[in-house]
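Coordinate analysis (summary)
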Number of protein chains: 2
Amino acid sequence: MKPQSGGRSALVAKLSHFAALSDADVRVLDELCAGEEPFPARVDIVVEGTAPRAGFVLTQGMACRYRLLPDGRRQILGFLIPGDFFDPYVFLLRTMDHSIATLMPTRLARVERERVIAVFAGRPRLAAACWWSALQDEAIQRERVVALGRRDARGRVAYLLCELVWRQTAIGASDDHAIRLPLTQVELADALGLTPVHINRVLQEFRKAGLIALERRRLRLHDMATLQLIAGSSKAYLHLDGAPEEVARYIDRLERHRDGSAPDAERP
Amino acid sequence: MKPQSGGRSALVAKLSHFAALSDADVRVLDELCAGEEPFPARVDIVVEGTAPRAGFVLTQGMACRYRLLPDGRRQILGFLIPGDFFDPYVFLLRTMDHSIATLMPTRLARVERERVIAVFAGRPRLAAACWWSALQDEAIQRERVVALGRRDARGRVAYLLCELVWRQTAIGASDDHAIRLPLTQVELADALGLTPVHINRVLQEFRKAGLIALERRRLRLHDMATLQLIAGSSKAYLHLDGAPEEVARYIDRLERHRDGSAPDAERP
DNA sequence: CGATCTGTTGATATCCTTCAATTTTGGTGG
DNA sequence: CCACCAAAATTGAAGGATATCAACAGATCG
């Protein structure tokens with residue numbers, strides 16, 4: 001399971017933004033992460049064109065989804081951080097349409113189909129939390145489309161830095177708007193549809209304006225308000241404000257039925 | 001339910017790309033669409049900032065997801081066409097982070113939470129097909145990120161036109177690479193992160209090169225091969241090649257269990 | 001049948017890319 | 001610990017793709 005410094009795993013921290021989890025829920029999630037394995041930096045975990053095998057929980061480190069273009073250029077599609085339970089249902093596809101690679105030494109737990117189905121069928125609250133997490137992922141993708149479609153270079157950089165800080169904060173891995181950021185300027189460029197040269201100039205400008213500090217793989221946002229303004233974005237799209245009350249009640253009701261009929265373990 | 005000319009609804013046509021549906025499955029899907037309602041062109045179905053109410057099946061017409069920026073510009077996030085069962089689980093969120101608007105007169109069936117849960121819990125094959133459809137939607141989003149991040153204007157336009165034709169073909173709504181296309185050049189621009197002026201110039205170029213015909217809201221791709229080359233894309237990302245055999249067998253097994261225990265209707 | 005979108009075209013401006021060096025950093029082995 | 005090398009960051013100059021501005025023609029619709 002590999003809990004964080006705080007004791008709670010990143011996955012538990014993240015899903016707790018949706019609903020308070022029971023001890024039993026936490027146990028199930030920790031078991032999901034039990035078989036985690038270490039991967040070195042900059043290796044492919046999943047390769048475009050191959051058949052997907054299983055989903056993963058990322059417990060430590062960082063990874064990215066990416067696509068290579070016919071001319072060899074790369075587009076990074078998104079970043080995966082601790083607490084991300086990604087592609088649970090990917091076994092429904094014949095082939096991957098993109099690759100996934102680590103960006104630093106990273107620990108990942110493989111989650112097989114049977115496990116996914118057991119959790120989703122037997123644990124209403126966790127199933128709802130995973131659905132919510134999938135909705136969040138979609139929202140993150142949409143925000144990226146907005147950034148690439150309609151924001152200039154400064155807006156794109158500001159948005160991405162904010163997002164990474166917001167997401168790390170949501171899993172308790174940020175200290176006062178400062179995070180570990182293992183990305184090179186080439187990777188930022190590939191994520192934002194820009195050139196490394198231009199990324200560099202924007203970062204310089206932000207530094208000179210006292211908006212950020214970024215050195216030796218450590219990022220600190222000194223002026224979140226201004227950065228948000230430049231980005232034209234707020235963290236609302238991460239939907240960290242919990243389930244609607246009515247839904248929370250509904251889920252509790254489902255859980256009580258479950259407890260009544262089969263106490264405290266996953267169904268077969 | 002409102003079947004298409006062929007007799008099958010667009011939703012059934014789309015999901016059949018994943019797995020062959022039983023008559024009972026088809027009946028359930030048709031019931032989902034039973035309460036469809038007409039909406040005029042260019043009206044909001046869902047508004048950013050409001051609480052989501054329910055998901056929808058789009059049975060006729062066309063709609064788009066979009067975001068408005070602080071400065072009034074717009075980014076279109078994606079297009080919804082007949083057969084799209086979108087946002088089934090959106091009730092898990094407190095507020096919408098984007099809006100959805102019709103682009104032409106459109107028919108939509110609202111799908112409430114209870115209905116979603118009944119179908120997903122009681123119909124393994126349909127549940128799997130809907131999951132697959134969600135994976136397809138994510139892939140479509142990724143393809144858009146690639147287009148906006150790394151393709152020039154010609155590549156973006158070519159990609160979008162191909163995608164719309166591929167998707168319409170998958171629901172049986174295309175005749176020889178020709179489709180109804182209710183989009184203005186402003187809307188194409190808002191979808192592709194370009195200006196209407198530039199969209200116009202690219203379309204002119206494509207017309208002069210004999211690649212496309214586009215007039216009076218009708219699009220025909222005369223040279224799909226070249227367009228794909230310009231787009232640097234193939235339709236692989238739509239995953240229209242059916243479920244992996246092993247998964248198909250697994251789903252059949254689940255269905256047989258279901259039939260044994262509760263014949264032929266949704267569970268309560 | 002005017003009013004308003006929509007599409008079209010030309011001229012100019014600009015943001016970002018490209019190309020090319022140079023410096024700095026980080027890692028590795030002697 | 002230092003020498004060395006490759007990767008990463010940085011800077012400058014020039015070019016190009018797309019935006020912006022402006023004007024007009026054509027289509028659509030109440």
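Here the structure is shown first, and the text comes after it.
Definitions and cut-offs
Residues numbered from 1 in each chain as written. Chains lettered and ligands numbered in written order. Predicted model: local features only at pLDDT ≥ 70, side-chain atom pairs only at ≥ 80, totals over all residues. Heavy atoms only, no water. Contact = heavy atoms within 4.5 Å. Buried area = accessible area lost by both parts, 1.4 Å probe. Salt bridge = Lys/Arg side-chain N within 4 Å of Asp/Glu carboxyl O. Polar contact = N/O pair within 3.5 Å; in protein donor to acceptor, adjacent residues only side chain to side chain. Helix = DSSP H or I, 4+ residues; strand = E, 2+ residues; numbered from the N terminus. Nonpolar A, V, L, I, M, F, W, Y, C, P; charged D, E, K, R; others polar. Buried < 20%, exposed > 50% of the residue type's maximum accessible area, 1.4 Å probe, protein only. Pairing = 2+ DSSP bridges. Axes fitted to C-alpha atoms, helices over the stretch in contact; angles between N-to-C directions. Near = heavy atom within 4 Å. Least-squares fit on C-alpha atoms with pLDDT ≥ 70 in both. Parallel < 35°, antiparallel > 145°, perpendicular 65-115°, else oblique. Left-handed = near helix turned anticlockwise from the far one by under 90°.

Bringing the interface of chain A and chain B into the picture now. Taken together, the contact pairs 51 residues of chain A with 51 residues of chain B. At the boundary of chain A with chain B, total buried surface from both sides reaches about 5,000 Å², with 60% on carbon and sulfur atoms. When the area that chain A buries against chain B is broken down by residue, the three leading residues are Arg94, Trp131 and Arg150 of chain A, summing to 18%. At the surface where chain A touches chain B, the tally comes to 10 salt bridges. Between Arg150 of chain B and Asp190 of chain A there is a salt bridge, and its shortest N-O distance comes to 2.8 Å. For the pair chain A and chain B, the interface holds 28 residue pairs in polar contact (both at pLDDT 80 or more). Of all elements in the fold, only strand S5 (74-80), helix H3 (113-122), helix H4 (124-150), helix H6 (185-192) and helix H9 (245-261) of chain A reach the threshold of two or more residues within the side of chain A that touches chain B. Here the side of chain A that touches chain B gets 15 residues from one element, more than from any other, and that element is H4 of chain A. Its residues assigned to classes, the side of chain A that touches chain B comprises 27 nonpolar, 9 polar and 15 charged.

This paragraph deals with unusual backbone geometry. All names here are of chain B. One non-glycine residue, Arg42, lies in the positive phi region at around 60°. Among the secondary structure elements, Arg42 is positioned in the loop between strand S1 (37-39) and strand S2 (44-46). Since its relative accessible area comes to 51%, Arg42 is described here as exposed. Even without being a glycine, His239 presents a positive backbone phi close to 55°. Checked against the element boundaries, His239 lands in the loop between helix H8 (224-231) and helix H9 (245-261). On the accessibility criterion, His239 (2% relative accessible area) is buried.

Looking at the element boundaries, Arg151 of chain B is found in the loop between helix H4 (124-150) and helix H5 (153-170). Setting aside its immediate chain neighbours within four residues, Arg151 of chain B contacts Glu143, Val146, Arg156, Tyr159, Ala231, Gly232 and Ser233 of chain B.

Here the focus is the side chain of Gln168 of chain A. All names here are of chain A. Turning to its location among the elements, Gln168 is positioned in helix H5 (residues 153-170). Assessed through its relative accessible area of 9%, Gln168 is described here as buried. Gln168 has contacts with Ile81, Ala173, Ser174, Ile179 and Arg180, leaving out every residue within four places of it along the chain.

With that out of the way, let us pick up the sheet that holds strand S7 (residues 99-102) of chain B. All names here are of chain B. Taken together, the 4 strands give an open sheet; going across it, the order is S2-S7-S4-S5, and neighbouring strands pair in antiparallel fashion. The open sheet has two edge strands, S2 and strand S5 (74-80), and neither has a second partner. Ignoring strand direction, the axes of neighbouring strands in this sheet form an average angle of 35°. Pairing of strand S4 (residues 63-68) with S5 involves 6 bridges; the strand directions are antiparallel. Within the sheet, the bridge partner assigned to Leu68 lies in S5 and is Arg74.

Residue and element names in this part refer to chain A. Summed over all chains, the structure comprises 43 salt bridges over all chains. With a closest N to O distance of 3.3 Å, Arg167 and Glu163 form a salt bridge. Note that Arg167 and Glu163 are positioned in helix H5 at a spacing of 4 residues, about one turn of the helix. For the pair shown, Arg167 and Glu163 are each scored as buried. Each of Asp25, Arg123, Arg125, Asp252 and Glu255 takes part in salt bridges that share partners, so that together they form one network.

Moving on, we come to the sheet that holds strand S11 (residues 218-221) of chain B. Residues and elements named next belong to chain B. As summarised here, the arrangement of the 3 strands in space is S9-S11-S10, forming an open sheet in which the pairing is antiparallel. With one partner strand each, in any of the chains shown, strand S9 (178-180) and strand S10 (212-215) form the two edges of the open sheet. Taken over all neighbouring pairs, the strand axes of this sheet differ in orientation by 10° on average, direction set aside. Where S10 meets S11, 4 bridges bridge the pair, whose relative direction is antiparallel. Within S11, the residue paired with Ala213 across the bridge is Arg220.

Take the protein's contact with DNA strand C next. Inspection of the region around DNA strand C gives 18 residues, with Ala153 and Thr195 of chain A together with Gln185, Asn200 and Arg217 of chain B positioned closest. Taken together, the sugar and phosphate atoms account for 71% of what DNA strand C places within 4 Å of the protein. Here a base nitrogen of DNA strand C and a side-chain polar atom of Arg201 of chain B are 3.1 Å apart. Here a phosphate oxygen of DNA strand C sits 2.7 Å away from a polar atom, N or O, in the side chain of Arg217 of chain B. Those elements that provide at least two residues to the surface near DNA strand C are helix H7 (196-208) of chain A together with helix H7 (196-208) of chain B. Sorting elements by how many residues they give to the surface near DNA strand C places H7 of chain B first, with 5 residues.

Our next topic: the protein's contact with DNA strand D. Around DNA strand D lies a shell of 17 residues, among which Gln185, Asn200 and Arg217 of chain A together with Ala153 and Thr195 of chain B are the nearest. Within 4 Å of the protein, the contacting atoms of DNA strand D are 74% sugar and phosphate, with bases supplying the remainder. Gln185 of chain A has a polar backbone atom sitting 2.7 Å from a phosphate oxygen of DNA strand D. The contact in question runs from a phosphate oxygen of DNA strand D to an N or O atom on the side chain of Asn200 of chain A, over 2.7 Å. Going through the elements one at a time, H7 of chain A together with H7 of chain B are the ones with two or more residues in the surface near DNA strand D. Considered class by class, the residues forming the surface near DNA strand D number 4 nonpolar, 7 polar and 6 charged.

With that settled, consider the relation of the copies chain A and chain B. Its rotation angle being 180°, the transformation that places chain A on chain B also includes 0.0 Å of axial translation and leaves an RMSD of 0.0 Å. The relationship between the two copies is best expressed as a two-fold rotation axis. When you check the interface residues of chain A against chain B, 100% turn up at the interface there too, and the contact is symmetric in its surfaces.

In the contact formed by H4 of chain A and H4 of chain B, the axes pass within 9 Å of each other and the chain directions differ by 20°. Considered as vectors, H4 of chain A and H4 of chain B are oriented roughly parallel to each other. Between H4 of chain A and H4 of chain B the crossing geometry is left-handed. Across the interface between the two elements, Trp131, Glu138, Gln141, Arg142, Arg144, Val145, Leu148 and Gly149 of chain A of H4 of chain A pack against Trp131, Glu138, Gln141, Arg142, Arg144, Val145, Leu148 and Gly149 of chain B of H4 of chain B.

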